[in-house]
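Tertiary structure, described
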Amino acid sequence: MTQLTETVGMDIEETLLQTDKVLTERRALTVRPLKRSFVCGAPMAGVTDKPFRMICRKFGNETLFTEMIGVNSLYRRAVSTCRMMRIADEQNIVVQLVGIDETALVYAAKEAVFNGAIGVDINMGCPVKKLITNGSGASLMKNADIAVRLVSAVKRAVDIPVTVKTRLGWDEKQKNVVSFAKQLVDAGVDGITIHARTKEQGYSGQADWQNLQAVKQVVNIPVFVNGDITDKHSLKMALDISQADGAMIGRGMLGRPWVLHQLADVSTQPNITGKVLADLICEHLAMMLSYYGKAGLFAMRKHLAWYAKGYIGHAEFCRQMFCMNDEKKVYHLVEDFFDNAEKQGE
């Protein structure tokens, strides 16, 4: 055994022992009920990292999900993956996990408990080829026996709610979400979020919210609808049509970290424009630099493009921004652009 392997093994054993101690102290308690805002923030790889969640928290305390965390990488103690699990100083965080190795998944779920997660979500809907190839993500909809085994294993291991995020099915001819949801409920899952598209659709086409009605009729757990929800109108339509208990907001938050609280609280209408927006973006950039170091400047570029979308001069702003490698110049560009930016069509 190499020194690296020995160190990894010690880290895993120590974490499991610490987590088991936490769980032992709770054994007299029943599993805590699923507590989730009727709208919550979706897990989005490369987006819902700690800096983004901290910016969202400036507006409200709705439930937020981590980025999708690969359980195999976490089990190996990969530095970048371990950093994604650092949520102990946050509240209302659900950790989303992806992978089909039962040992690694249980280990990751226990670490989520130890770090203060209010729930563990297992990804069974991601259409990315890399995950499909290794049998995780949306592939689990075609392998319900494995999905059931994974849910059962995590339910036995932790005392916080265990949920699943999935899709309508593999393609138009294989929409099996109703039977799949029933099997997950039998395995003990506490809630399910359904992206109202198939795996083959990916993120294209239109979300079919109506398909969720059949799921609601056969399960007695919270069902959340996901897909194409960007404002109060689409939120109301999605909930009315799907009959879901709540909604998960994904791409609707891009460039609008305040929108989740805006949708959760109809009385809230934050006016995030001009200098207020410029200051918010600069704070987001500062958090990214603190969290990632120099790499944070490049990781922030997509957020800057999303923030600028819909404003006059968006294309020129992006052209200049993508050419800049000096954080001071980016700060100045943000302040100059957003302080006086005007929305297109206004």
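Remember, it's a predicted structure, so these values are computed and weren't measured experimentally.

Rules of the game
- Residues numbered from 1 in each chain as written.
- Predicted model: local features only at pLDDT ≥ 70, side-chain atom pairs only at ≥ 80, totals over all residues.
- Heavy atoms only, no water.
- Core = buried A, V, L, I, M, F, W, Y, C linked by side-chain atoms within 4.5 Å.
- Buried < 20%, exposed > 50% of the residue type's maximum accessible area, 1.4 Å probe, protein only.
- Helix = DSSP H or I, 4+ residues; strand = E, 2+ residues; numbered from the N terminus.
- Contact = heavy atoms within 4.5 Å.
- Polar contact = N/O pair within 3.5 Å; in protein donor to acceptor, adjacent residues only side chain to side chain.
- Salt bridge = Lys/Arg side-chain N within 4 Å of Asp/Glu carboxyl O.
- Pairing = 2+ DSSP bridges.
- pLDDT = per-residue confidence, 0-100.
- Phe/Tyr/Trp six-rings, centres within 6.5 Å; stacked < 30°, edge-to-face > 60°.
- Lys NZ or Arg CZ within 6 Å of the ring centre and 35° of its normal.

**Quick notes on the nonpolar core**
Leu97, Met124, Leu184 and Val225 are the most contacted members of the largest nonpolar core, which totals 71 residues. In terms of residue count, helix H5 (residues 102-114) provides more of this core than any other element does, 8 residues in total. Setting aside residues up to four positions removed in sequence, leucine 97 forms contacts with Ile69, Val71, Met85, Leu105, Ala108, Ala109, Val120, Asp121, Ile122 and Asn123. Core analysis: the next-biggest nonpolar cluster, separate from the first, contains 31 residues, Cys282, Tyr307, Tyr311 and Met321 among them.

**Some remarks on the side chain of glutamate 90**
When you line up the elements, glutamate 90 lands in the loop between helix H4 (79-84) and strand E3 (93-98). At a separation of 3.0 Å, a polar atom in the side chain of glutamate 90 contacts the side chain of lysine 50. For glutamate 90, the residues in contact, after removing those within four places along its chain, are Lys50 and Arg53.

**What to know about the pattern of salt bridges**
Applying the stated rule across the entire model yields 16 salt bridges. Between aspartate 245 and lysine 216 there is a salt bridge whose closest N-O contact spans 2.9 Å. Of the two residues, aspartate 245 sits in the loop between helix H10 (232-242) and strand E8 (246-249) while lysine 216 sits in helix H9 (residues 212-218), which places them 29 residues apart along the sequence. Owing to a relative accessible area of 39%, aspartate 245 belongs among the partly exposed residues under this scheme.

**Thoughts on the pairing of strand E5 (residues 162-167)**
Of all 6 residues making up E5, 6 are buried, and the element is well covered by its neighbours. Here E5 shows two buried faces, one formed by Val162, Val164 and Thr166 and the other by Thr163, Lys165 and Arg167. Where strand E4 (residues 119-123) meets E5, 4 bridges bridge the pair, whose relative direction is parallel. Residue pairing in the sheet places asparagine 123 in a bridge with lysine 165 of E5. With 5 bridges connecting them, E5 and strand E6 (residues 191-195) associate as parallel partners. Within E6, the residue paired with threonine 163 across the bridge is glycine 191.

**With respect to the confidence of the model for the protein chain**
Summing up the model confidence of the protein chain, the mean pLDDT is 90 and the portion of residues at 70 or higher is 88%. Taken as a whole, residues 1-10 scores under 50 in pLDDT and shows 4 contacts with residues more than four places along the chain or in a different chain. The low-confidence segment residues 22-35 (pLDDT under 50) makes 26 contacts with residues lying over four places distant or belonging to another chain.

**What to know about the packing of aromatic side chains**
If you walk through the whole model with that rule in mind, you get 8 aromatic pairs. Each ring, one from tyrosine 291 and one from tyrosine 292, has its centre 4.7 Å from the other, and the planes form 85°; the classification is edge-to-face. These aromatic residues form a ring-pair network of at least three members: Tyr311, Phe317, Phe337 and Phe338. Over the aromatic face of tryptophan 170 sits the side chain of lysine 142, whose NZ or CZ is 4.2 Å from the ring centroid. Sitting above the plane of the tyrosine 203 ring, arginine 167 keeps its charged end 5.1 Å from the centroid.

**Digging into the side chain of lysine 199**
Residue placement: lysine 199 occurs in the loop between E6 and H9. Relative accessible area serves as the criterion here: at 16%, lysine 199 is assigned to the buried category. At 2.9 Å, the side chain of lysine 199 and the side chain of glutamate 200 are in polar contact. In contact with lysine 199, other than residues within four places in its own chain, are Pro127, Ile132, Ala138, Arg167, Gly169 and Trp170.

**Some words on unusual backbone geometry**
It is generally the case that most residues other than glycine have a negative phi and that most peptide bonds are trans. One non-glycine residue with positive phi stands out, namely arginine 77, at about 65°. Considering the arrangement of structural elements, one finds arginine 77 in the loop between helix H3 (71-75) and H4. Backbone geometry at asparagine 92 places phi at a positive 55°, although glycine is not the residue there. Inspection of the secondary structure assignment puts asparagine 92 in the loop between H4 and E3. Residue classification places asparagine 92 among the partly exposed positions, given a relative accessible area of 23%.

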